[in-house]
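Structural overview
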Amino acid sequence: QVQLVESGGGLVQAGGSLRLSCTASGRTFSGYDMGWFRQAPGKERETVARISRSGGSTYHADSVKGRFTISRDNAKNTVYLQMNSLKPEDTAVYYCAARKGAAYQYDYWGQGTQVTVSS
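Residues numbered from 1 in each chain as written. Predicted model: local features only at pLDDT ≥ 70, side-chain atom pairs only at ≥ 80, totals over all residues. Heavy atoms only, no water.

1. Looking at unusual backbone geometry
Of note, N77 is a non-glycine position whose phi angle comes to about 55°, a positive value. Mapped onto the secondary structure, N77 falls in the loop between β7 (68-73) and β8 (78-83). (Helix = DSSP H or I, 4+ residues; strand = E, 2+ residues; numbered from the N terminus.)

2. Focus on the packing of aromatic side chains
If you walk through the whole model with that rule in mind, you get four aromatic pairs. Centroid distance F37 to W109: 4.9 Å. Interplanar angle 50°. Geometry classified as tilted. Here W109 lies in strand β10 (residues 108-109) and F37 lies in strand β4 (residues 33-39), a separation of 72 residues in the sequence. In this structure an aromatic cluster arises from ring pairing among F37, Y106 and W109. If you follow R72 out to its NZ or CZ, it ends over the ring of F29, 4.4 Å from the centre. (Phe/Tyr/Trp six-rings, centres within 6.5 Å; stacked < 30°, edge-to-face > 60°. Lys NZ or Arg CZ within 6 Å of the ring centre and 35° of its normal.)

3. Considerations on the pairing of β4
When you tally the buried positions in β4, you get six out of seven residues, the bulk of the element. Two strands pair when backbone bridges link them, and β4 and strand β9 (residues 92-99) are joined in this way by seven bridges, in the antiparallel orientation. Of the residues in β9, the one forming a bridge with D33 is R99. Two strands pair when backbone bridges link them, and β4 and strand β5 (residues 46-51) are joined in this way by five bridges, in the antiparallel orientation. Paired with G35 across the bridge in β5 is R50. Counted between consecutive antiparallel strands, the loop separating β4 from β5 contains six residues, among which G42 sits at a positive phi close to 75°. (Buried < 20%, exposed > 50% of the residue type's maximum accessible area, 1.4 Å probe, protein only. Pairing = 2+ DSSP bridges.)

4. Focus: the nonpolar core
The biggest cluster of nonpolar side chains holds 30 residues, and the ones touching the most others in it are L4, M34, W36, L81, M83 and Y94. With sequence-adjacent residues up to four places away left out, L81 is seen in contact with L18, R19, L20, W36, V48, A49, F68, T69, I70 and Y94. (Core = buried A, V, L, I, M, F, W, Y, C linked by side-chain atoms within 4.5 Å. Contact = heavy atoms within 4.5 Å.)

5. Points about the pairing of β8
Where burial is concerned, most of β8 is hidden: five out of the six residues are buried. Bridge analysis of strand β3 (residues 18-26) against β8 gives six bridges, and the strand direction is antiparallel. Within β8, the residue paired with L18 across the bridge is M83. As judged from the six bridges shared by β7 and β8, these two strands associate in the antiparallel manner. Residue I70 lies in a different strand from β8, and its bridge partner there is L81. Where β7 folds back on β8, the antiparallel hairpin that results is connected by four residues, among which N77 adopts a positive phi of roughly 55°.

6. Let's talk about the sheet that holds β7
Spatially, the four strands line up as an open sheet ordered β1-β3-β8-β7, and their pairing is antiparallel. Of all strands in the sheet, those bounded by a partner on one side alone are β1 (2-7) and β7. For this sheet, the mean inter-axis angle between neighbouring strands, taken without regard to orientation, is 15°. (Axes fitted to C-alpha atoms, helices over the stretch in contact; angles between N-to-C directions.)

Here is the structure:
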């Protein structure tokens, strides 16, 4: 089992920045690929960014590329999402999730943290 707790969400004006954190407890954090996802009201959940177990490989959705950066610190059991140049359309509940590898589903999810970007 892996328990995930997100933090860092809040209300920010367009153009501002936030950094989300997701801290894991339970099994060895470095053994899991991690991802950030978001879901806006009335919309399907979408992948925001992913990072491999070592942190050596990352993926960012086109909608956030150049503005958001995923990173991880395995010594702190934490994955981050640095969000810059925020837009109102980034408003959503953001979730982190863990999976054993690329061939696996994301089995472990956090409770989510709200990000609201005002125009």
